[in-house]
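Take a look at the letters that make up each chain.
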Amino acid sequence: ENYILPLQGDSAKMLQDKATCVDFNPRKRVLAVGTRDGRILQWRCSTATGIPNSEKHWQQLPLVNAGAGIQKIDHIEWGP
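Position numbers for residues start from 1 in each chain and track the written sequence from start to end. The model is predicted, so local features are restricted to residues of pLDDT at least 70 and side-chain atom pairs to those at 80 or more, both for listing and for counting; the totals for chains, interfaces and linings are taken over all residues. Calculated side-chain values reflect all of the structure's heavy atoms, with hydrogen atoms and water omitted.

**Q** Hey, could you run me through the pairing of strand β3 (residues 39-45) in this one?
**A** Along any regular strand, the residues point their side chains to alternate faces of the sheet. Categorising residues by exposure relies on relative accessible area from a 1.4 Å probe, with only protein chains included: less than 20% of the type maximum marks a residue as buried, more than 50% marks it as exposed, and the intermediate range marks it as partly exposed. Put simply, DSSP marks the helices as runs of H or I at least four residues long and the strands as runs of E at least two long, and each gets a number from the N terminus on. Counting buried positions along β3 yields 5 of 7 residues, so the element is predominantly enclosed. The sheet contact formed by strand β2 (residues 30-35) and β3 spans 5 bridges and is antiparallel. Bridging across to β3, L31 finds its partner in W43. The pairing criterion is simple: DSSP has to find at least two bridges between the two strands. Counted between consecutive antiparallel strands, the loop separating β2 from β3 contains 3 residues, among which G38 sits at a positive phi close to 85°. Relative to strand β5 (residues 64-65), β3 runs antiparallel, the two sharing 2 bridges. Within β5, the position partnered with R39 by the bridge is N65. Strand direction decides the pairing type here: β3 and strand β4 (residues 58-60), joined by 3 bridges, are antiparallel. The partner of R44 across the bridge, within β4, is Q59.

Written out as structure tokens, the structure reads:
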């Protein structure tokens with residue numbers, strides 16, 4: 001299924017940013033996206049079953065800005 005997940009923060013800047021990598025942690029039920037401008041966006045699946053059936057079942061977590069000097073997040077991967 002496909003969903004459009006909401007963004008937090010300055011939406012004008014976020015609209016110009018592009019996703020460069022994606023990873024999902026099934027144990028934590030968190031989807032993480034790295035961006036061209038060095039941001040990491042995360043959403044947690046908030047259903048009891050862990051199977052979302054709409055964008056309402058995804059809770060956005062706080063935005064992580066990798067900081068000055070980081071241009072692009074090329075790879076994102078969950079640890080053990």
